[in-house]
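# Examination of the molecular architecture
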Amino acid sequence: ESLMIYVITPTYKRPEQIPELTRLSHTLRLVKNITWLVIDDAESKSSVVEKLLNKSGIRYEYMLAPMPNEFRSNKKYLPRGVSNRNKGITWIRNNAKTGIIYFADDDNTYDLKLFEEIRKTKKISMFPVGLVTHLGLSTPIVKNCTFIGFYDGYYAGRKYPVDFAGFAISVEFLLKSPNATIPFKAGYEEDLFLKRLLPFSFGDIELLASCCTEILVWHTQTKKNHPTRKTTMIK
Ligand code: UDP
Ligand code: MN
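Described in the following lines is the structure provided in the data block.

Conventions adopted
- The written sequence of each chain sets the order in which its residues are numbered from 1.
- The order in which chains are written sets their letters, starting at A; the order in which ligands are written sets their numbers, starting at 1.
- Where totals are concerned, whole chains, interfaces and linings use all residues; where local detail is concerned, this predicted model gives features only for residues with pLDDT of at least 70, and gives and counts side-chain atom pairs only at 80 or more.
- Hydrogens are left out, water is left out, and the side-chain values use all remaining heavy atoms of the structure.
- Secondary structure elements are defined from DSSP: runs of H or I of at least 4 residues count as helices, runs of E of at least 2 residues count as strands, and each element is numbered from the N terminus.
- Within these notes, the globule rule equals 2.2 Å times the number of residues to the 0.38 power, and the radius of gyration is based on C-alpha atoms.
- We call two residues in contact when some of their heavy atoms are within 4.5 Å.
- Here the Shrake-Rupley method, with its probe set to 1.4 Å, supplies the accessible areas, and only the displayed protein chains count as covering residues.
- We count Lys and Arg on the positive side and Asp and Glu on the negative side, and we leave His and both chain ends out.
- To locate a charge, take NZ of a lysine, CZ of an arginine, CG of an aspartate or CD of a glutamate.
- The cut-offs for exposure are 20% and 50% of the maximum accessible area for each residue type, with area from a 1.4 Å probe on protein chains only; residues under the lower value are buried, those over the upper are exposed, and the others partly exposed.
- Think of a salt bridge as a Lys or Arg side-chain nitrogen and an Asp or Glu carboxyl oxygen that are within 4 Å of each other.
- Whenever two N or O atoms come within 3.5 Å, that pair is a polar contact, provided that in protein one can donate a hydrogen and the other can accept it, and provided that, for residues adjacent in sequence, both atoms are side-chain atoms.
- A cutoff of 4 Å decides nearness: a residue is near a molecule or strand if any of its heavy atoms lies inside that distance of it.
- Cavity: a set of points on a 1 Å grid over the protein atoms alone where a 1.4 Å probe fits but cannot get out. Pocket: an open set with protein on both sides within 12 Å along at least five of seven lines, its lining residues, like those of a cavity, having an atom within 4 Å of a point.
- A molecule is counted as occupying a cavity or pocket when more than half of its atoms fall within 2 Å of that pocket's grid points.

With that out of the way, let us pick up the overall build of the protein. Helix and strand content of the protein: 8 helices and 12 strands. Against the 2.2 N^0.38 benchmark of 18 Å for 235 residues, the protein shows a C-alpha radius of gyration of 18 Å, consistent with a compact globule. Partitioning the contacts of the protein with sequence separation of at least 6, the portion at a separation of at least 24 is 73%. Surface accessibility of the protein: about 12,400 Å² in total, with carbon and sulfur atoms responsible for 54%. Of the side chains in the protein, 34 bear a positive and 24 a negative charge, and the two mean positions are spaced by 4 Å.

Have a look at this one:
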């Protein structure tokens, strides 16, 4: 029996929400032994989302975690998905003892092989993410299957310049750090969260996806749809 993967997916209401969750659910349907933690940045549950989750056949938990207003008002740099991911972490702390945690945004694209790979995680694993920043890639730099640094388009003085899609941690490792949460600090969420975990060295990082030579997840972004109220005359 393989280890449970807890997939934490932040989501929020917009025209693209159902299409994104449809696509992601169709990927996750093909993965064995997962629990899908879908956390909506909303005040109340969406019956449409609930219906989608129900019919997916995936073992799931649907939860709410609205972004606090104080952060919502910061129009420029929103800490997107932070309350959602923290809610997922809390759920895992209360409900799991073993398994793997992976943060899977609703709009990214996942190769099924990614899930086989992250199931190997003993403590913390990392792997390349395609289509991140102008460079088009965020990844550990690896030589002879040994970590030598990070390649990322946005260093910003971070110790761990990585995207949420680019790492997985074991539940055991998370549980050793009871106070590790994700901060509401746009641009620094991953770095500060990883620093709040039990200290680990770069050498401890498990380099997945064939020593980080394969891209198995892409930080795709869906073009926003802006429905207008302009009427079109149909003749
Ligand atoms: N998200 C959210 N509330 C928001 C904006 C985004 O819960 O107000 C979620 C979104 O569904 C996604 C994650 O947070 O799963 C990251 O957001 P987004 O994809 O917009 O950010 P990106 O990293 O692609 O710029
Ligand atoms: Mn995104």
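Okay, back to it.
What follows deals with the side chain of Asp 163. Here Asp 163 shows up in the loop between β9 (146–151) and β10 (167–170). No salt bridge is formed by the buried Asp 163. Its closest oppositely charged neighbour is Arg 85, at 7.0 Å. There is a polar contact of 2.8 Å between the side chain of Asp 163 and the backbone nitrogen of Ala 165. Setting aside its immediate chain neighbours within four residues, Asp 163 contacts Ser 138, Glu 190 and His 219.

Attention now goes to the site of ligand 1. As a structural note, the neighbourhood of ligand 1 is formed by 16 residues, with Pro 10, Asp 41, Arg 80, Asn 84 and Asp 107 the closest of them. Contacts to ligand 1 include Arg 72, whose side-chain N or O atom sits 3.4 Å from an oxygen atom. The side chain of His 219 places a nitrogen or oxygen atom 3.2 Å from an oxygen atom of ligand 1. About the coverage of ligand 1: the protein hides 88% of its 520 Å² of free accessible area. Among the detected pockets, ligand 1 sits in the largest pocket. When contributions to the shell around ligand 1 are tallied by element, the ones reaching two or more residues are β1 (5–11) and α4 (82–95).

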